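Structural overview
In case you want the letters, here they are:
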Amino acid sequence: SAPAPASIAAPASAVVTETPKNLVIQLGAFSDSAKAKQQLDGLIANGFNAYTESLKTANGEVTRVRIGPYTNRNTAESELKKLKKLGFEGVLTSR
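As a starting point, this report considers the structure included with it. (Residues numbered from 1 in each chain as written. Predicted model: local features only at pLDDT ≥ 70, side-chain atom pairs only at ≥ 80, totals over all residues. Heavy atoms only, no water.)

The next subject is the pairing of strand β2 (residues 50-57). The pairing of β2 with strand β3 (residues 60-70) spans eight bridges and is classified as antiparallel. In the sheet register, S54 faces β3, and the bridge partner there is T63. (Pairing = 2+ DSSP bridges. Helix = DSSP H or I, 4+ residues; strand = E, 2+ residues; numbered from the N terminus.)

Quick look at the structure:
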């Protein structure tokens, strides 16, 4: 009997499972909310869809400055390159 044809389908575990609108760029986490607001204002002035998020930690509350969400990694990475050209440092992360 002939051998079974090889399967060319990728295993389910290899499928990228990023949910649309689940990627953001985090630019900072500040214990001083005034510094977070200053960075936020600079990002908005440059046309970015920036926002802040407060997070309680063991060391007190921090304010995260983020941009997004993005529907796919390519768009987010493109925005990250624009940010770097303007002197901002950011990290791509899930929401």
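Of note, Q39 is situated in helix α1 (residues 33-45). Note on Q39: relative accessible area 16%, which makes it buried. In contact with Q39, not counting residues within four places along its chain, are L27, G28, F30, V65 and F88. (Buried < 20%, exposed > 50% of the residue type's maximum accessible area, 1.4 Å probe, protein only. Contact = heavy atoms within 4.5 Å.)

Between its terminal C-alpha atoms helix α2 (residues 73-85) stretches 19 Å, which fits the 18 Å expected from 13 residues at 1.5 Å a residue. Buried residues of α2: A76, E79, L80 and L83, and no others. Summarising the axial view, the buried residues of α2 lie within an arc of 105 degrees, below the 170-degree limit, and thus occupy one face. Opposite the buried face of α2, at more than 90 degrees from it, the exposed residues are N74, K81 and K85. Each element contacted by the buried residues of α2 is listed here: β1 (23-30), α1, β3 and β4 (91-94). Here α2 starts with a cap whose side-chain oxygen sits 3.1 Å from the backbone nitrogen of N74, and that cap is N72. With its phi angle positive at about 95 degrees, G87 sits one or two positions after the end of α2. (Expected span 1.5 Å × (residues − 1). Arc of directions from axis to C-beta. Polar contact = N/O pair within 3.5 Å; in protein donor to acceptor, adjacent residues only side chain to side chain.)

What follows deals with the sheet that holds β2. Pairing in this open sheet of four strands is antiparallel, and the strands run β2-β3-β1-β4 from one edge to the other. Bordering the open sheet on either side are β2 and β4, each of which pairs with just one other strand. In this sheet, adjacent strand axes meet at a mean angle of 45 degrees when their direction is disregarded. Here α1 sits on the sheet and contacts β1, β2 and β3; the angle it forms with β3, its principal contact strand, is near 15 degrees. Packing of α2 onto the sheet brings it into contact with β1, β3 and β4, and relative to β1 it is tilted by some 40 degrees. (Axes fitted to C-alpha atoms, helices over the stretch in contact; angles between N-to-C directions.)

In this structure the tally under the stated criterion is five salt bridges. The partner of K56 in a salt bridge is E61, with the nearest N and O atoms 3.0 Å apart. Judged by its relative accessible area of 70%, K56 is exposed. With a shortest N-O distance of 2.8 Å, E79 and K82 are connected by a salt bridge. Of this pair, E79 and K82 both sit in helix α2, three residues apart, roughly one helical turn. Accessibility expressed as a relative area gives 16% for E79, which makes it buried. (Salt bridge = Lys/Arg side-chain N within 4 Å of Asp/Glu carboxyl O.)

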